[in-house]
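Structural overview
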Amino acid sequence: MSCCKQPALIEAQVEMGSVNDLEQKSLFRRDEDATQTKEASLMEQGSLSTSSPGHIAKSPKNSVLKSIKIVILSNKLNLLLPFGPLAILLHYMIDSKGWVFLLSLVGITPLAERLGYATEQLAFYTGPTVGGLLNATFGNVTELIISIFALKNGMIRVVQLTLLGSILSNMLLVLGCAFFCGGLVFYQKDQVFDKGIAVVNSGLLLMAVMGILFPAVLHYTHSEVHAGSSELALSRFSSCIMLIAYAAYLFFQLKSQSNSYSPLDEETNQNEETSVDEEEPEISKWESIIWLSILTAWVSLLSGYLVDAIEGASVSWNIPIAFISVILLPIVGNAAEHAGAIMFAMKDKLDLSLGVAIGSSIQISMFAVPFCVVIGWMMGEQMDLNFQLFETAMLFITVIVVAFFLQEGTSNYFKGLMLILCYLIVAASFFVHEDPPQDGI
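A few points on the structure. (Residues numbered from 1 in each chain as written. Predicted model: local features only at pLDDT ≥ 70, side-chain atom pairs only at ≥ 80, totals over all residues. Heavy atoms only, no water.)

1. With respect to the overall build of the protein chain
Across its full length, the protein chain holds 15 helices and two strands. The buried share of the protein chain, taken over its 441 residues, is 51%. Here the analysis covers contacts within the protein chain between residues at least 6 apart in sequence; of these, 85% occur between residues at least 24 apart. Looking at the protein chain as shown, the accessible area adds up to about 20,900 Å², and 66% of this sits on carbon and sulfur atoms. (Helix = DSSP H or I, 4+ residues; strand = E, 2+ residues; numbered from the N terminus. Buried < 20%, exposed > 50% of the residue type's maximum accessible area, 1.4 Å probe, protein only. Contact = heavy atoms within 4.5 Å. Areas by Shrake-Rupley, 256 points an atom, 1.4 Å probe, with all protein chains shown as cover.)

2. A closer look at a nonpolar patch on the surface
On the surface, a cluster of nonpolar side chains totalling about 470 Å² of accessible area is made up of Phe83, Leu86, Leu89, Met93 and Ile94. Among the secondary structure elements, Leu86 is positioned in helix H3 (residues 83–93). Here Leu86 falls in the partly exposed class, since its relative accessible area comes to 37%. (Patch = residues over 30% accessible without salt bridge, like charges linked within 9 Å, V, L, I, M, F, W, Y side chains within 5 Å. Salt bridge = Lys/Arg side-chain N within 4 Å of Asp/Glu carboxyl O.)

3. Let's talk about helix H7 (residues 156–185)
Helix length check: H7, at 30 residues, gives a terminal C-alpha distance of 42 Å against a target of 44 Å (1.5 Å per residue), a fit within 8%. The sharpest bend along H7 reaches about 35 degrees and sits at Ser169. Across the 30 residues that make up H7, a large majority, 25, are buried. (Expected span 1.5 Å × (residues − 1). Bend = angle between axes of the 7 residues up to and from the residue.)

4. Some words on the packing of aromatic side chains
Under the defined criterion, the tally for this structure stands at eight aromatic pairs. Measuring from centroid to centroid gives 5.7 Å for Tyr246 and Phe367, while their planes differ by 35 degrees, and the two rings are tilted. One end of the pair, Tyr246, is in helix H9 (residues 230–256); the other, Phe367, is in helix H13 (residues 350–379), and 121 residues separate them in sequence. Accessibility expressed as a relative area gives 18% for Phe367, which makes it buried. Here Phe323 and Phe431 contribute two aromatic rings whose centre-to-centre distance is 5.2 Å and whose plane-to-plane angle is 85 degrees, an arrangement assigned as edge-to-face. Taken together, the residues Phe323 in helix H11 (residues 321–333) and Phe431 in helix H15 (residues 413–431) connect sequence positions 108 residues apart. For Phe323, a relative accessible area of 14% translates into the label buried. Each member of the aromatic cluster is reached from another via a ring pair, and the members are Tyr246, Tyr249, Phe367 and Phe371. (Phe/Tyr/Trp six-rings, centres within 6.5 Å; stacked < 30°, edge-to-face > 60°.)

5. Details of the pattern of salt bridges
Side chains that differ in sign of charge can pair as their charged atoms come close. One pass over the full model with this rule turns up three salt bridges. A salt bridge links Arg157 to Glu391; its shortest N-O distance comes to 2.9 Å. Placement of Arg157 in helix H7 and of Glu391 in helix H14 (residues 389–406) is noted, with a sequence separation of 234 residues between them. As far as the burial class goes, Arg157 and Glu391 line up, both buried.

6. With respect to unusual backbone geometry
Backbone phi values are negative for most residues with the exception of glycine, while trans is the configuration of most peptide bonds. With phi around 65 degrees, Asp348 is a residue other than glycine that occupies positive phi space. With respect to the helices, strands and loops of the structure, Asp348 is situated in the loop between helix H12 (335–346) and H13. Asp348 gets classed as partly exposed once you look at its relative accessible area, which sits at 29%. The phi torsion at Gln388 lies on the positive side, around 75 degrees, for a residue other than glycine. Of note, Gln388 is situated in the loop between H13 and H14.

7. A short note on the side chain of Arg236
Position of Arg236 among the secondary structure elements: in helix H9. It turns out Arg236 is buried and unbridged, and the closest side chain with the opposite charge, Asp384, is 8.6 Å from it. (Lys, Arg positive; Asp, Glu negative; His and termini not counted.)

Laid out in structure tokens, this is it:
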């Protein structure tokens, strides 16, 4: 009996062994496939792009005319460039602040897009880590320049409202349009994105809300130890902490968790193609640096005229300064990101769309806002994180709403429509909102 069982047992063990071998091979192949799929995904998102250390970018040798043709004449949006000089002419020829503001606003739009392009070209030569830092610096340089000019003129409320508007625009309008357009293209299914990254980003946004909320609460509860100075001191301390947190986030994203949190280029444009073979620099390293300098100087010049004309435009158009700062300025400054986020969503690349929309909101809230507080500190201006009760409540509710929409890791056109409608409510609220006299500019 035992002799009969013995061969059967041996045969069963052999079969089990072969099954285990097959399973191990299957798992091994599955791991290889997953690794290849992950690498392909990272390649697509830019973390294994031609700017990686293993790839040496070929520096093209362009003449001056060819460089101008590539940077200036290759984009249809650059047809709006002449509006900038026209705004400067009108400023000296006629006394019409409304027209100067409008033309300056239109003239800055293509410059913001080209700044993103030049940064992207420079990132080919610097590698993903420095490229990520460049995007953090130049990604929202238009808003930063406008804010610094406003700070210089003592227009602290314009700075606060412009930065707040950029956060709201990216979270509601940009993300909403991306979800809506992507949902219409892929209406038969829910589009999927990385829920883990979305949760981390939502946590960072909530931290930014915390930094902005507490100075406002301290002010409106009249619980300051030293009236007038405690609120400012708390704002400056919180700003330094937020800058440290943002630096840690960049290190975490680009170094520690480079496989999971691949660096995403926030400033994306219509020239990007999905094929890795076409991702080669169009201009050289020094051309990129020179163009960045020229474009930044031109944006700075126009921003000066733009900021000077804000109050006059508000009076001549009979529109509150809050609406101009929160709605109009950010839409122009983020025009390139709007187009990029929608384009990626329509190609079913929602992780890239989130990197554009939510990533930009994080950069503004965790970097640009505290950076302006520190710059104001250096200038002797009392720039703080007290955005006033109305604006702080608006930001808090917006972050909560977006966090709820992101928690499932899926999107469709209905979610996009809801976010767009939320933005319309925000826009209408600021259209009828007026700052208290003591908080005026």
